[in-house]
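Residue strings, one per chain:
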Amino acid sequence: MKIVKYISAICLSLLVFSACDSDLDKVYYNESEAIPAVLSGIADTYVLDANKAQTTAIEFKWTKPQAGYAAKIINSLQMDLKGKNFGSAITLYSSTEEGPYSITTKDLNSKIMKLLQSYEMEVTVTPYDFEFRIASSISDAADSFYSNVVSTQITPFVGDIQKYICRGPIAVGEIQMIRSSNANYCSLPMMMVSMKDG
């Protein structure tokens, strides 16, 4: 009988130690220990030029956030109209890296159009105030934590950029046509050539 009790005590001890080791291996996320990314400042104003569609419009830089343990953090660069509290924010970029991220004039203009349309706003060639932030997330089960907010004013262009190959007296090579509600024209080096019907 004593032997049975002795064996039972050993087994119980092993189970207790095993449970303790298992608890030690677990890592718990504590929101209060999270350190958000720091988004660097950008210029106060930008005017997007359709003739420079493939050039960098804005370069965003931010520091790597910390979750309090070695977690895989997904960082999303968000944009929204100023004063909207990111209620309908559009994600410009999402990655586990800390940046930098450069967005082209064409892509930024497209995102702005999409955002303004989501608010059912008329899109015009006028300055709009925008805010940006980094939303960091470790899982769907935990709330995201956010960087500081950076503001700027951006003037978009209106119209779809289309590329054509000209062969003839106007020019030889690749040109761009910007179609807008006011006019159709080709952008050529050092000059603007009107495209009239007929």
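The coordinates are above.
Residues numbered from 1 in each chain as written. Predicted model: local features only at pLDDT ≥ 70, side-chain atom pairs only at ≥ 80, totals over all residues. Heavy atoms only, no water.

Turning our attention to helix H2 (residues 105–118). Since the α-helix turns once every 3.6 residues, residues separated by three or four places project in the same direction. With 14 residues, H2 extends 20 Å from end C-alpha to end C-alpha; this agrees with the ideal 20 Å at 1.5 Å per step. Considered for burial, the residues of H2 that qualify are Thr105, Leu108, Asn109, Ile112, Met113, Leu115 and Leu116. On an axial view of H2, the arc spanned by its buried residues comes to 165°, and they lie on one face. Every exposed residue of H2 that faces more than 90 degrees away from the buried side is listed here: Lys114 and Gln117. Against strand S2 (56–60), strand S3 (74–81), strand S4 (90–95), strand S5 (101–104), strand S6 (128–137) and strand S8 (150–155) lie the buried residues of H2. Following H2 by one or two positions, Glu120 adopts a phi angle in the positive range, close to 55°. (Helix = DSSP H or I, 4+ residues; strand = E, 2+ residues; numbered from the N terminus. Expected span 1.5 Å × (residues − 1). Buried < 20%, exposed > 50% of the residue type's maximum accessible area, 1.4 Å probe, protein only. Arc of directions from axis to C-beta. Contact = heavy atoms within 4.5 Å.)

We now examine the environment of Phe157. Following the sequence through the fold, Phe157 ends up in the loop between S8 and strand S9 (160–166). For Phe157, a relative accessible area of 10% corresponds to the buried category. As a C-alpha pair, Phe157 and Asp49 span 108 residues in sequence and 6.7 Å in three-dimensional space. If we skip the residues at most four places from it in the chain, Phe157 touches Leu48, Asp49, Ala50, Thr105, Asn109, Met113 and Val125.

Bringing the pattern of salt bridges into the picture now. Note that side chains of opposite charge can pair when their charged atoms are close. Across all of its chains, the model carries one salt bridge by this definition. The partner of Glu59 in a salt bridge is Lys61, and the shortest N-O contact between them spans 3.8 Å. Assessed through its relative accessible area of 39%, Glu59 is described here as partly exposed. The partly exposed category is assigned to Lys61, whose relative accessible area is 44%. (Salt bridge = Lys/Arg side-chain N within 4 Å of Asp/Glu carboxyl O.)

With that out of the way, let us pick up unusual backbone geometry. Unusually for a residue other than glycine, Phe86 sits at a positive phi of about 60°. Mapped onto the secondary structure, Phe86 falls in the loop between S3 and S4. A relative accessible area of 10% means that Phe86 is categorised as buried.

Formed by 28 residues in total, the largest nonpolar core has its most connected members in Ile58, Phe60, Leu92, Leu108, Phe130, Phe132 and Ile154. Looking at this core, the elements with two or more residues in it are S2, S3, S4, S5, H2, S6 and S8. Every residue in contact with Ile154, bar those within four places of it in the chain, is listed here: Tyr46, Leu48, Ile58, Leu108, Ile112, Thr126, Pro127, Tyr128, Phe130 and Phe132. (Core = buried A, V, L, I, M, F, W, Y, C linked by side-chain atoms within 4.5 Å.)

Assignment of secondary structure puts Ile112 in helix H2. A residue is classified by how much of its surface remains accessible, and Ile112, at 0% relative accessible area, is buried.

So yeah, pure geometry; function would need other evidence.
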